[in-house]
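# Structure assessment
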There are 2 protein chains.
Amino acid sequence: MRQLQVQNVVIGAGTAGLAAYRAIESSGQSVLLIEGGQHGTTCARVGCMPSKLLIAAAEAVHGVTRWDPFGIRLHGQVQVDGAAVLARVRRERDSFVGFVLEGVDRIPACNRITGYARFIAPGQLQVDEHTRIEFEKAVIATGSAQLIPDFLQPFRDRVVVNDDIFEWTQLPQSVAVFGTGVIGLELGQALHRLGVKVHLFGRGGRIGPLTDPALKSEAERCFEAELPFVHDPQALALSSHANGVRIQWQSLPPGPARSNSTPARSTPTHSIEVEWVVAATGRHPNLDQLGLETLGLDMNRHGVPQFQRDTLQCGSHPVFIAGDANQEVPLLHEAADEGRIAGENAARYPHITPGLRRSPFSIAFCDPQITTVGSNWHDLSGQQIVTGKVSFADQGRSRVMLRHQGLLHVYAARQNGRLLGAEMIGPEAEHLGHLLAWAHQLQLTIPQMLELPFYHPVVEEGLRTALRDAASQLSQPTPAQVNTQRRSVQSV
Amino acid sequence: MRQLQVQNVVIGAGTAGLAAYRAIESSGQSVLLIEGGQHGTTCARVGCMPSKLLIAAAEAVHGVTRWDPFGIRLHGQVQVDGAAVLARVRRERDSFVGFVLEGVDRIPACNRITGYARFIAPGQLQVDEHTRIEFEKAVIATGSAQLIPDFLQPFRDRVVVNDDIFEWTQLPQSVAVFGTGVIGLELGQALHRLGVKVHLFGRGGRIGPLTDPALKSEAERCFEAELPFVHDPQALALSSHANGVRIQWQSLPPGPARSNSTPARSTPTHSIEVEWVVAATGRHPNLDQLGLETLGLDMNRHGVPQFQRDTLQCGSHPVFIAGDANQEVPLLHEAADEGRIAGENAARYPHITPGLRRSPFSIAFCDPQITTVGSNWHDLSGQQIVTGKVSFADQGRSRVMLRHQGLLHVYAARQNGRLLGAEMIGPEAEHLGHLLAWAHQLQLTIPQMLELPFYHPVVEEGLRTALRDAASQLSQPTPAQVNTQRRSVQSV
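Residues numbered from 1 in each chain as written. Chains lettered and ligands numbered in written order. Predicted model: local features only at pLDDT ≥ 70, side-chain atom pairs only at ≥ 80, totals over all residues. Heavy atoms only, no water.

Our next topic: the overall build of chain A. Broken down by element type, chain A carries 14 helices and 23 strands. Relative to the globule expectation of 23 Å for 492 residues, the C-alpha radius of gyration of chain A, 25 Å, shows essentially globular dimensions. Taken over the C-alpha atoms alone, chain A extends approximately 75 × 75 × 45 Å along its principal axes. Expressed as a percentage of the 492 residues in chain A, the buried residues total 56%. Counting contacts in chain A only where the partners sit at least 6 residues apart, residues at least 24 apart contribute 65% of the total. Within the structure as shown, chain A displays about 20,300 Å² of accessible surface, and the carbon and sulfur contribution to it stands at 48%. (Helix = DSSP H or I, 4+ residues; strand = E, 2+ residues; numbered from the N terminus. Rg over C-alpha atoms; globule rule 2.2 N^0.38 Å. Buried < 20%, exposed > 50% of the residue type's maximum accessible area, 1.4 Å probe, protein only. Contact = heavy atoms within 4.5 Å. Areas by Shrake-Rupley, 256 points an atom, 1.4 Å probe, with all protein chains shown as cover.)

What follows is about the sheet that holds strand β23 (residues 419-426) of chain B. All names here are of chain B. One open sheet accounts for five strands, arranged β19-β20-β23-β22-β21; its pairing is antiparallel. Two strands lie at the open edges of the sheet, namely β19 (361-364) and β21 (385-391), each paired on one side alone. Strand after strand, the sheet turns through a mean of 10 degrees between neighbouring axes, direction not considered. Bridge count for β19 against strand β20 (residues 369-374) is four bridges, and the pairing is antiparallel. Bridge pairing links Ser362 to Thr372 in β20. (Pairing = 2+ DSSP bridges. Axes fitted to C-alpha atoms, helices over the stretch in contact; angles between N-to-C directions.)

We now examine the sheet that holds strand β14 (residues 244-250) of chain B. Residue and element names in this part refer to chain B. In spatial order, the strands read β13-β14-β15; together these three strands make up an open sheet with antiparallel pairing. Lying at the two open borders of the sheet, with one neighbouring strand each, are β13 (234-241) and β15 (269-274). On average, each strand axis in the sheet is inclined to that of its neighbour by 15 degrees, with strand direction left out of account. Taken together, the six bridges between β14 and β15 define a ladder with antiparallel strand orientation. Looking at the pairing, Gln250 lines up with Thr269 of β15.

Right, let's talk about the interface of chain B and chain A for a bit. Across the boundary between the two partners, chain B contributes 71 residues, which contact 71 residues of chain A. For the pair chain B and chain A, the summed buried surface comes to about 6,500 Å²; carbon and sulfur atoms form 65% of the total. Contact with chain A buries surface across chain B, with Trp438, Pro453 and Tyr455 of chain B losing the most and accounting together for 14% of the total. Here chain B and chain A share six salt bridges between them. Linking chain B with chain A are 40 residue pairs in polar contact (both at pLDDT 80 or more), by the criterion used here. Of the residues forming the side of chain B that touches chain A, the biggest block, nine residues, is contributed by strand β3 (residues 72-80) of chain B. Taken together, the residues of the side of chain B that touches chain A sort by class into 44 nonpolar, 15 polar and 12 charged. Note that strand β3 (residues 72-80) of chain A and β3 of chain B share nine bridges and pair antiparallel. Looking across to β3 of chain B, one finds that Val78 of chain A is bridged to Leu74 of chain B. (Buried area = accessible area lost by both parts, 1.4 Å probe. Salt bridge = Lys/Arg side-chain N within 4 Å of Asp/Glu carboxyl O. Polar contact = N/O pair within 3.5 Å; in protein donor to acceptor, adjacent residues only side chain to side chain. Nonpolar A, V, L, I, M, F, W, Y, C, P; charged D, E, K, R; others polar.)

The next subject is unusual backbone geometry. Look at the link from Asp367 of chain A to Pro368 of chain A: it is a cis peptide, with omega at 0 degrees. Along the chain, Pro368 of chain A turns up in the loop between β19 (361-364) and β20 (369-374). A cis amide bond links His456 of chain B with the next residue in sequence, Pro457 of chain B, at an omega value of -5 degrees. Along the chain, Pro457 of chain B falls in the loop between α12 (446-450) and α13 (460-474). Phi at Ala235 of chain A is positive, roughly 50 degrees, even though this residue is not glycine. Tracing the chain through its elements places Ala235 of chain A in strand β13 (residues 234-241). At Glu428 of chain B, a position not held by glycine, the phi torsion is positive, near 60 degrees.

Right, let's talk about the confidence of the model for chain A for a bit. Confidence in the prediction for chain A averages 94 pLDDT; 94% of positions are at 70 or higher. ipTM for the predicted complex: 0.95, alongside a pTM of 0.95. (pLDDT = per-residue confidence, 0-100.)

With that settled, the discussion passes to the relation of the copies chain B and chain A. Turning chain B through 180 degrees and shifting it by 0.0 Å along the axis lays it on chain A, with an RMSD of 0.0 Å. In short, the pair behaves as if placed about a two-fold rotation axis. Scanning chain B for the C-alpha nearest the rotation axis identifies Gly76 of chain B, at a separation of 2.1 Å. (Least-squares fit on C-alpha atoms with pLDDT ≥ 70 in both.)

Attention shifts here to helix α13 (residues 460-474) of chain A. Counted at 1.5 Å a residue, the expected span for α13 of chain A with its 15 residues is 21 Å, and the 21 Å between its end C-alpha atoms agrees. Turning to α13 of chain A, its buried residues are Glu460, Glu461, Gly462, Leu463, Arg464, Ala466, Leu467, Ala470 and Leu474 of chain A. Turning to α13 of chain A, the residues buried within the fold contact β21 (385-391), β22 (407-413), α11 (429-441) and α12 (446-450) of chain A together with α11 (429-441) of chain B. (Expected span 1.5 Å × (residues − 1).)

And the structure:
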């Protein structure tokens, strides 16, 4: 077995690992980058880019639904050439992966090792059965993988995850998507718009990154209007069926208690047969095979090492964890920041410095798009806030574009008017999200935001309406102040 | 003739006039709002809203051009039902105008006068032949009208302006659009995409609000690829022809000197016949009939009173001028700000206070969209700046959406890295423009902007590329610094 000594190891050559490698390399220290699986980032191979490619084709064909009100007539029909759609997705995906691989190729071969790493003691790891490495400092950037829940395991040959979908060469007739997080919503809706018969199965009222009950209701309304959306299926039973899976369930009667009770009265049993089941119920960090137990780290209840968000250090160990592997936020821009910070801190260990973390920010590229910024409604429960609201149903430009649905709530601190966060489902949410995320990180107040330019006619004017609503509430006395005034009056 | 006395008059009930009226009214002073023409703002009646409605329909049908590369097939054909398209434009336009008129209706009848106002002496004006008003303070908010240039006057019955287009009930076969400012580009391209045979005629290299030569070239390239674009027609001759106009011209040979010379060699004469000529060569403030000469104001060479941008006051007179009438920026959001500031200052005269003016910001809603923010390239000529550049030809998300063309230049002060301005033609420019305009008004530096969140994969990452380009130039020594270093070396 080969024996190596190096100052730093980086395990995983995805977005976080590559950023960590570059940060260490530019410090002048020695570093080895270890990759066991396919090169190419989750983002480029199976995540952000291919899903946006599928969505772009789906949006193009969905545009036809607005033609009639615009005054545009289709004489004939529109055909989705599934093979061609998927061929473009793979071709462009390969091009994006190619950019990543070019970057990897520029790394000197002597700084790279192929194989799966596992720790065997503090300061020691082994790669497959061929190399033992003594190291001083390690960055764990092993990423994550889609989890296949237990109830789908017996049907594994008909279960696909996002990775598989982007290898399809034909669109299937029908799928059931389990999971209504960002991935489930994006893929489910895109496949539906491309002509696949899609059933969406959700649980516990989850819908993308939303937590505000009003926003979740609006999101449910939007998606239910477009495709079959099964909430909290009861008595769910799957069975093999010809070339697919039969799914049977009972629905809860609609109502607010939907997710908290068993069927109150007997409901009809639904039954569908689908070619494929898409598992989009969550991702799991790739940590199980790493031998982390040999390092003496403190672990959380999910089996992830405890770490500091702004240094990425695990306790006071010379070990750092970045990207999807730490299960904080599975987002490319965060993974890149985390990798860089982890790499810089590995290089300067034991002198650890907090790195710049950006304001929390998520987007689901479904339609209407969803975004959350800063603290969400759930984070803020119990705090003294005002909520500025706007509906896009009557928003001028949204109506012009026939995209007039959705809601935006902005949350501000009652005490000082500062923007604390926002949740939105509606048109151009990816762009309004950037304005909100910038304002949040700059710690602007609602009145300060209202001094900034809003053009006309733009969807951003909807944001302004919500800000004005918040501002008018901020200018009113708080219930506490009213009570104080009442007491003053009484005491006179 | 009726005689009235009032503290304030507001002439014109458009966006600026209504804002001025409301500001004065809420101060408690007496105010009369005088409107001679149709009620309803330029924006709602003939400007922003109807043009965006026409563009929305045009974009919907234009989407078909991206179908084939996406893998979507059209079996049959797409028909633009011109009557239906225009009916929706008018119906929605009427609805937006309706909102404005509801606002006007809420103004007490005793505070409104119908008729054309003209000043007859300082502190005195007359409305048509029916009312004389003595006033202390006046806000002029008479708006602007499309100018029909002299060479089109003989063909007035076949010349239309934007106002007329939105009254059409059928789309014509063919038009020639004279003028390639924002209105010419927006209307010309939208009509072309709706199936009208359009020729665009430009002069002097003008293209929307752009001033940066590289951006102007890119814009020309984009528009020339889509429709006939005639630059600086030579020996232009118009003549009546059946139910339209014949237009003949000679082209300049292509080259950099295009706009500065007469034809160097004989070029073929082009000839087209069009149903309508669209005049989009510029707007003119409605000041000619106001009797301004009786007020003793200082006028500029365009016949517009001199005024202060942040107070809207004309010299030290109790006269204020707001909105399109002052010919500064014909934009709704600016007109609303100006009207409010003018009204507040009229009310508090002689105690004048500067109002908040937002960062300069313009958008052309053509495709690709155009935006300029802050100081443009022309404003900055001769200053010590760095220019951060990005092409959208290879920008990830733009490519995903098949919208990968265009350029963005950001201009920053070499001395302190502050964002001074930007020009862009490219995808989602209306949204990137907002980020840039907010950053500009907040006086952020390029490094500060790079600390803010950029999601993935978004077009905003193209902005980040331009900012990184600027940042890398800012971190290099200036030519002056290099010279100093060279001198130091030589002196050793």
